[in-house]
Amino acid sequence: MAFTLRGLKVSPNSASLEEARSRVFDFFKTACRSIPSIMEIYNLHDVVTVSQLRSTIASEIRKNAHIDNPKVIDLLLFKGMEELGNITEHAKQRHHILGQYVLGKQGLVQDSSTKDEGISPFLKSFYETNYF
């Protein structure tokens, strides 16, 4: 089940912007069809729904909607296929998937307002500059 995308390849270059656009739609369909198996592999049923993962994939694709060079689109498509292949082949661990696609960038921000009440100013500045 995890190796269903092994035969899927991205051709070298798109001839036009329309061809690259259709390849992106095909990639989106392939990624959405692999969501149920990804949820089984990483046991994500208790954390996220299929529609939330689908909207995350769509938002990742929409980040690059302004690009109109077919070669750049092909490069991004290759990167997306590589990422999808790594996920479906279980090359990532569950916390990688949760951090990148479930929580996103805003989920990893630490709230330092409640735990800094009785700390010296030196430690406050140290903690503020050393949180990643």
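The preceding data block contains the structure.
Residues numbered from 1 in each chain as written. Predicted model: local features only at pLDDT ≥ 70, side-chain atom pairs only at ≥ 80, totals over all residues. Heavy atoms only, no water.

1. Re helix 1 (residues 17-33)
If you check helix 1, its first and last C-alpha atoms are 24 Å apart, about what 17 residues at 1.5 Å a residue would give, namely 24 Å. Taken as a whole, helix 1 has its buried residues at Ala20, Arg23, Val24, Phe27, Thr30, Ala31 and Cys32. Residues of helix 1 that are buried in the fold lie against helix 2 (35-42), helix 3 (50-62) and helix 4 (70-88). (Helix = DSSP H or I, 4+ residues; strand = E, 2+ residues; numbered from the N terminus. Expected span 1.5 Å × (residues − 1). Buried < 20%, exposed > 50% of the residue type's maximum accessible area, 1.4 Å probe, protein only. Contact = heavy atoms within 4.5 Å.)

2. Concerning the packing of helix 1 against helix 4
Across the interface, helix 1 lies against helix 4 with an axial gap of 9 Å and an inter-helix angle of 15°. By the angle class used here, helix 1 and helix 4 are roughly parallel. Pair helix 1 / helix 4 crosses with left-handed handedness. In contact with Leu17, Ala20, Arg23, Val24, Phe27, Thr30 and Ala31 of helix 1, helix 4 contributes Pro70, Ile73, Asp74, Leu77, Gly80, Met81 and Leu84. (Axes fitted to C-alpha atoms, helices over the stretch in contact; angles between N-to-C directions. Parallel < 35°, antiparallel > 145°, perpendicular 65-115°, else oblique. Left-handed = near helix turned anticlockwise from the far one by under 90°.)

3. A few points about a nonpolar patch on the surface
Taken together, Phe122, Leu123, Phe126 and Tyr127 make up a surface patch of nonpolar side chains, about 390 Å² in accessible area. As for its position among the elements, Phe126 is in helix 6 (residues 121-130). Classification of Phe126 by relative accessible area gives partly exposed; the value is 42%. (Patch = residues over 30% accessible without salt bridge, like charges linked within 9 Å, V, L, I, M, F, W, Y side chains within 5 Å. Areas by Shrake-Rupley, 256 points an atom, 1.4 Å probe, with all protein chains shown as cover. Salt bridge = Lys/Arg side-chain N within 4 Å of Asp/Glu carboxyl O.)

4. Looking at the side chain of Asp74
Relative to the assigned elements, Asp74 resides in helix 4. Owing to a relative accessible area of 4%, Asp74 belongs among the buried residues under this scheme. Beyond its immediate sequence surroundings of up to four residues, Asp74 is in contact with Pro12, Asn13, Ser14, Ala20 and Arg23.

5. Points about the layout of surface pockets
Volume-wise, the largest pocket comes out at about 1100 Å³. Around the largest pocket, the lining is made up of 34 residues, and of these Phe27, Ile57, Glu60, Ile61 and Asn64 lie nearest the centre. Where the lining of the largest pocket is concerned, the elements lending two or more residues are helix 1, helix 2, helix 3, helix 4 and helix 5 (94-102). Among the elements that line the lining of the largest pocket, the one with the most residues is helix 4, at eight residues. (1 Å grid on protein atoms, 1.4 Å probe; cavity = no way out; pocket = protein on both sides within 12 Å on 5 of 7 lines; lining within 4 Å. Points joined across faces, edges and corners; volume = space filled by probe spheres on them.)

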